[in-house]
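A structural walkthrough
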Amino acid sequence: MLSRRRALGLLAAGVPALHLRAKAAPSLAPKPLVFAHRGASALRPEHTLASYARAMMDGADFIEPDLVMTKDGHLVVRHESNIAGTTDVADHPEFASRHRTLKIDGKNETGWFTTDFTLAELKTLRARERLSTIRVHNTRYDDHFEIPTFEEVIEQVAAQSAATGKVFGLVPEIKHSTHFNSLGLNPEAAFLRTIAAHDYTRQAPLELQSFETGNLGRIRADVLSINPQARLMLLMGERKDVPPDLLAAGKTTTFGDLMTPEGLKEIRRYADVIGPSNTDLIPRDSKGAWLEPSTLVTDAHKAGLLVHSYTARPENHFLPAQLRSDAGDAARNPKGMIAEVRRYLDMGIDGFFTDDPALGRIAVKGTI
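Bear in mind the structure is a predicted one, so any value in this text is a computation, not a measurement. (Residues numbered from 1 in each chain as written. Predicted model: local features only at pLDDT ≥ 70, side-chain atom pairs only at ≥ 80, totals over all residues. Heavy atoms only, no water.)

Glancing now at the overall build of the protein. Each helix and strand counted, the protein has 15 helices and 13 strands in total. Computed over its C-alpha atoms, the radius of gyration of the protein comes to 20 Å, within 12% of the 21 Å expected for a compact globule of 368 residues. Dimensions of the protein, computed from the C-alpha atoms along their principal axes, are close to 65 × 50 × 50 Å. A total of 368 residues make up the protein; the buried ones form 56% of that total. Considering only contacts in the protein between residues 6 or more positions apart, those separated by 24 or more positions represent 69%. Across the protein, 45 positive and 46 negative side-chain charges occur, with their mean positions spaced 6 Å apart. (Helix = DSSP H or I, 4+ residues; strand = E, 2+ residues; numbered from the N terminus. Rg over C-alpha atoms; globule rule 2.2 N^0.38 Å. Buried < 20%, exposed > 50% of the residue type's maximum accessible area, 1.4 Å probe, protein only. Contact = heavy atoms within 4.5 Å. Lys, Arg positive; Asp, Glu negative; His and termini not counted. Charge placed at Lys NZ, Arg CZ, Asp CG, Glu CD.)

Put into C-alpha cells, the structure is as follows:
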C-alpha cells in the first residue's frame, strides 16, 4: 500500500489512480510542480504570448491563462474583465464612451471591460505591464503584444511541446463565472468547447481553477470526459471573503470556513486541489513578517486534496520581512524568493505558482 503522501504526489504527476497500488518497488515521489503565474510575469507583461514563451524556456511545468469573456462569446486571456490597467485602451478615443463602473464579484470597479468589446475590437489593443512601478523593466515591452485568445495559448503551448519534447501542462482559471453568466455569457460552455476541440488539451496535463465552488461541481464530469487526467482546483481567497457564487446566492460561507477540516472534506467532493495564498500557509503580521505556520497543508492532505499555493514573486515588495534585502522595495531578490518557496516545500506543498519560473525551478532542484 502506498502512503497518502506518495499517492498524492503520483496523482499530481498525472499517474492514473488505477496504477497506484500496482507499484511494489520503492521510488522517489515526483518533485513539486512549478506553475507559471500568468507566464513569466516578472520578466514580461503578464498574459502575453511572450510571457508564456519565456516561462516555458525557464522550466515551468504548467502555464496559467486567466480566462475572461468578450461581448461576442470568446475566451481571451486577461487577469480580470477590467482591462484598464493591463492594456492601452485608455489611449483609444474610439472606446472612450465605454468607460464605466460595474459591480463584479460584489465589488464596484471602474474601467473598460472585456464584455463591452468584440474579439476583433480587443485585438486592436496592446498589452501593458500591470505592476509598472515595481516592474519598471517590463514597461519597455508595453504596446508590443496583442491580447491572446485561449485557443492561441493552447496552440503556442502545443507547438513548444512538439519542438522541445517536453509536455507542458495548462492550468487555466475561469474568472468571474457568476458575473459573466449574469450577462448571458457562459464561460464554462466556452471552456469545454475549446478544450474538446484541441488534441493537446484532450491529452496533456490540465488543471482547471476557479474561486467559485458551483461551476467546478457543474462541469467536473464534462471536463473529465474530455481529458480523464484533468484536475479541478478551488482557489482560496481571503479568509473573511465569501466565494462569489455563494455571495450572489445570499450565503455566508467564507473561504476561512472552507479551510477547516470539515470544509476541506466538502471541497473534495468537487475538486482535487486547493489553491491557497502563501499567507494562508504562513500568516504575516502588520509589518509583513512571518508568524507561525498554519496546518492547512496537513489538513488538506488528510482530506485527500493536493495543495498548489500562490504566488511566489522575486521582488522585496512581496517577500516576508525576514527575507527582504536592503536594496529597496521594488528590487529583485532571487535568494529571498527561493528561500520563501523552500519553506513552503518543507511544509509539503505539491506545487506553487510563481511569477519567475526559473527561480521556482531552482527552488525545486535545491541549488542556486
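As a further point, take the nonpolar core. A general tendency of soluble globular proteins is for nonpolar side chains to be buried together. Ile-63, Phe-191, Ile-267 and Ile-274 are the most contacted members of the largest nonpolar core, which totals 77 residues. With five residues, the single largest contributor to this core is helix H14 (residues 334–347). Those residues within four positions of Ile-267 in sequence are excluded, and the remaining contacts are Leu-234, Met-236, Leu-258, Ile-274 and Leu-305. (Core = buried A, V, L, I, M, F, W, Y, C linked by side-chain atoms within 4.5 Å.)

By the definition in use, this model includes 25 salt bridges. The salt bridge involving Glu-46 is made with Arg-38; its shortest N-O contact spans 3.0 Å. Each member of the pair, Glu-46 as well as Arg-38, is classed as buried. Arg-313 is the partner of Asp-355 in a salt bridge, and the nearest nitrogen-oxygen pair spans 2.8 Å. Taken together, the residues span a long stretch of sequence, with Asp-355 in the loop between strand S13 (351–354) and helix H15 (357–365) and Arg-313 in the loop between strand S12 (306–312) and H14 at a distance of 42 residues. Like Arg-313, Asp-355 is buried. (Salt bridge = Lys/Arg side-chain N within 4 Å of Asp/Glu carboxyl O.)

In helix packing, the relevant descriptors are the interaxial angle and the interaxial distance, both defined with respect to the helix axes. At a closest axis distance of 10 Å, the pairing of helix H6 (residues 187–197) and helix H8 (residues 214–226) adopts a crossing angle of 15°. As far as their axial angle goes, H8 and H6 are roughly parallel. Once H6 is placed against H8, the crossing between them reads as right-handed. Across from Glu-188, Phe-191, Leu-192, Ile-195 and Ala-196 in H6, the residues of H8 making contact are Asn-215, Arg-218, Ile-219, Asp-222, Val-223 and Ile-226. Its residues placed into classes, the contact of H6 with H8 shows seven nonpolar, one polar and three charged. (Axes fitted to C-alpha atoms, helices over the stretch in contact; angles between N-to-C directions. Parallel < 35°, antiparallel > 145°, perpendicular 65-115°, else oblique. Left-handed = near helix turned anticlockwise from the far one by under 90°. Nonpolar A, V, L, I, M, F, W, Y, C, P; charged D, E, K, R; others polar.)

Our next topic: H6. Within H6, burial applies to Pro-187, Glu-188, Ala-190, Phe-191, Leu-192, Thr-194 and Ile-195. The backbone nitrogen of Glu-188 has a side-chain oxygen 3.2 Å away, supplied by the residue at the start of H6, namely Asn-186. (Polar contact = N/O pair within 3.5 Å; in protein donor to acceptor, adjacent residues only side chain to side chain.)

Below, the discussion takes up the pairing of S13. Burial of the side chains of S13 extends over both faces: Gly-351 and Phe-353 are buried on one face and Phe-352 and Thr-354 on the other. As paired elements, strand S1 (residues 33–36) and S13 share four bridges and run parallel to each other. Within S13, the residue paired with Phe-35 across the bridge is Phe-353. In the sheet, S12 pairs with S13 via three bridges, with the strands oriented parallel. When the sheet's bridge partners are listed, Ser-309 is paired in S13 with Phe-352. (Pairing = 2+ DSSP bridges.)

Further remarks concern the pairing of S1. Of the two faces of S1, the one holding Leu-33 and Phe-35 and the one holding Val-34 and Ala-36 are both buried throughout. Across two bridges, S1 lies against strand S2 (residues 62–63) in parallel orientation. What sits directly across from Ala-36, in S2, is Ile-63. Crossover connection from S1 via helix H2 (residues 49–57) to parallel S2: handedness right-handed. (Right-handed = clockwise from strand over helix to strand, strands pointing away.)

Moving on, we come to the side chain of Gln-209. Note that Gln-209 resides in strand S9 (residues 207–210). A residue is classified by how much of its surface remains accessible, and Gln-209, at 1% relative accessible area, is buried. In this structure the side chain of Gln-209 is engaged in a polar contact, spanning 3.1 Å, whose partner is the side chain of Glu-64.

With that settled, the discussion passes to the UniProt feature "domain: GP-PDE" (unreviewed entry) in the protein. UniProt annotation of "domain: GP-PDE" (unreviewed entry) refers to residues 32–364 when read in the numbering used here. The span residues 32–364 shows a helical share of 34% and a strand share of 15%, and its end C-alpha atoms are spaced 7 Å apart. (UniProt positions renumbered as here; feature names shortened; annotations may be inferred.)

Once that is clear, we can look at unusual backbone geometry. Here the residue pair Tyr-310 and Thr-311 is connected by a cis peptide bond, since its omega of -15° sits within 30 degrees of zero. Along the chain, Thr-311 turns up in strand S12. Here the phi dihedral of His-47 falls at roughly 55°; this positive angle occurs in a residue that is not glycine. Structurally, His-47 can be placed in the loop between S1 and H2. Phi is positive for Asp-105, close to 55°, though the residue is something other than glycine. Along the chain, Asp-105 falls in the loop between strand S5 (100–104) and strand S6 (107–111).

Let us now look at the packing of aromatic side chains. A complete count under the given rule lists eight aromatic pairs for this structure. Consider the rings of Phe-35 and Phe-62, whose centres lie 4.9 Å apart with planes at 40°: the pair is tilted. Linking Phe-35 in strand S1 with Phe-62 in strand S2, this pair joins segments that are 27 residues apart in sequence. A relative accessible area of 4% places Phe-62 in the buried class. Relative to Tyr-344, the ring of Trp-290 has its centre 6.1 Å away and its plane inclined at 75°; by these criteria the two rings are edge-to-face. With Trp-290 in the loop between helix H12 (278–281) and helix H13 (296–302) and Tyr-344 in helix H14, the pair connects residues that are 54 residues apart, well separated along the chain. Grouping aromatic residues by their ring pairs yields a cluster made of Phe-35, Phe-62 and Phe-353. The ring of Phe-117 has Arg-98 lying over it, and the distance from NZ or CZ to the ring centre is 5.0 Å. (Phe/Tyr/Trp six-rings, centres within 6.5 Å; stacked < 30°, edge-to-face > 60°. Lys NZ or Arg CZ within 6 Å of the ring centre and 35° of its normal.)

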